[in-house]
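# Structural characterization, general
Letter by letter, the chains look like this.
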Amino acid sequence: MLDAILLVVLSAVAVVGALAMVTRRHPLGSALALIVVMIAIAGLYALLAAPLVAILQILVYGGAILALIVFVIMLLNVRHEDLAHEDGLGGRLGMGLTVAGLLFMGLAAGIHAIPADPFAPPPPGFGGIVAVGRALFRDYAVPFEVVSLLLTVAVVSAVGMAKRRLD
Amino acid sequence: MALHAPLLVAAALFSIGVGGFVARRNVFALLMCIELMLNSVNLVFVTFSRQWLALEGHVTVLLVVALAAAEAAVALAIVIMLFRHRETLDVDVFASMKE
């Protein structure tokens, strides 16, 4: 019962936050709405028996990535005259609404056709640090190392790019 | 609780992300739409992990989060360079590769 209430509340917060993110004109407002979405999704992860992923979602997404985006928006000191003119229901906005609506209807029809029983109760420790850590560092050690290498290369190249002077 | 509800939420978030990507012209808005789409896909992974009680979905989500962090770092560096170069955030101005 509590699960059902939490599911509805978190889903509503996520969808409303996403709509707010897309419709804010200034990127700072979008970023703050996106933080709300990330935290609502972390709550959904916790409901889906994924506590470790939920914590990392808040730490890495809500904490690191969004803080980085907000930091860059403030660093660039975005003023209102820097923003593009994005008004009117014609053109791109109409196209975006159409694309989103059609895509959602298609996906919803597909999801509706999936036969599924209610979730079985998870075994003890499912999704916890021990279980996920064992899977990550034993069965998926090579992908993990590849991703860590990629992250290092990306960060080094980002620093190199942002430091370069334009002349 | 069955898998339909979280999957519908993920579908809604993904659709909003795609729609926003088509409709918006601000670089930051496009970046955040991409992040939203990545998150909705992660939600699908976690949902199916819950359905089949398999941990592969959780591992995949952790790898995708690391990839998203790398993507955000590189993309923001590019945005900083573009903004210094053109003094705007309008993606239509950054069309020099079209010609």
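Our subject is the structure listed above.
Residues numbered from 1 in each chain as written. Chains lettered and ligands numbered in written order. Predicted model: local features only at pLDDT ≥ 70, side-chain atom pairs only at ≥ 80, totals over all residues.

Glancing now at the overall build of chain A. The number of helices and strands found in chain A is 6 helices and 0 strands. Taken over the C-alpha trace, chain A has a radius of gyration of 20 Å; the compact-globule value for 167 residues is 15 Å, which it surpasses by more than 25%. In terms of principal-axis extent, the alpha carbons of chain A reach across some 60 × 40 × 25 Å. Counting all 167 residues of chain A, 25% fall into the buried class. Contacts spanning at least 24 positions in sequence make up 56% of the contacts within chain A whose residues lie at least 6 apart. (Helix = DSSP H or I, 4+ residues; strand = E, 2+ residues; numbered from the N terminus. Rg over C-alpha atoms; globule rule 2.2 N^0.38 Å. Buried ≥ 20, exposed ≤ 12 C-beta atoms within 10 Å, placed from the backbone. Contact = placed C-beta atoms within 7 Å.)

So, about the interface of chain B and chain A. The interface of chain B with chain A comprises 65 residues on the first partner and 76 residues on the second. Listed by contribution, the elements that provide at least two residues to the side of chain B that touches chain A are helix H1 (4–23), helix H2 (27–52) and helix H3 (56–86) of chain B. The element that contributes the greatest number of residues to the side of chain B that touches chain A is H3(B), accounting for 23 residues.

Grouped together as the largest cluster of nonpolar side chains are 69 residues, with contacts concentrated most on A:Leu34, A:Val37, A:Tyr45, A:Ile69 and B:Met32. At the level of elements, helix H1 (2–23), helix H2 (27–47), helix H3 (51–76) and helix H6 (141–163) of chain A together with H1, H2 and H3 of chain B are the ones that each hand at least two residues to this core. For A:Leu34, the residues in contact, after removing those within four places along its chain, are A:Met21, A:Leu66, B:Met32, B:Glu35 and B:Leu36. (Core = buried A, V, L, I, M, F, W, Y, C linked by C-beta atoms within 7 Å.)

A few words now on the environment of B:Leu76. Along the chain, B:Leu76 falls in helix H3. Between the C-alpha atom of B:Leu76 and that of B:Ser96, which follows or precedes it by 20 residues, the distance is 19 Å. For B:Leu76, the contacting residues outside a window of four places in its chain are A:Leu68, A:Ile69 and A:Val72.

The subject of this paragraph is H3(A). In a regular helix each residue adds 1.5 Å, so 26 residues correspond to 38 Å; H3(A) covers 36 Å between its end C-alpha atoms and thus fits that length. Approximately 30 degrees is the largest bend angle found in H3(A), and it occurs at A:Leu66. The set of residues buried in H3(A) consists of A:Leu52, A:Val53, A:Ala54, A:Leu56, A:Gln57, A:Tyr61, A:Ile65, A:Leu66, A:Ile69 and A:Val72. For H3(A), the secondary structure elements touched by its buried residues are H2 and helix H5 (129–139) of chain A together with H2 and H3 of chain B. Following H3(A) by one or two positions, A:Asn77 has its phi on the positive side, about 55 degrees. (Expected span 1.5 Å × (residues − 1). Bend = angle between axes of the 7 residues up to and from the residue.)

The geometry of H3(A) relative to H2(B) is characterised by a closest axis approach of 12 Å and an angle of 175 degrees between their N-to-C directions. When the interaxial angle is binned, H3(A) and H2(B) end up roughly antiparallel. Together, A:Val53, A:Ile65, A:Ile69 and A:Ile73 of H3(A) and B:Phe28, B:Leu31, B:Met32, B:Glu35 and B:Val46 of H2(B) make up the contact between the two elements. In the contact of H3(A) with H2(B), the residues fall into 8 nonpolar, no polar and 1 charged. (Axes fitted to C-alpha atoms, helices over the stretch in contact; angles between N-to-C directions. Parallel < 35°, antiparallel > 145°, perpendicular 65-115°, else oblique. Nonpolar A, V, L, I, M, F, W, Y, C, P; charged D, E, K, R; others polar.)

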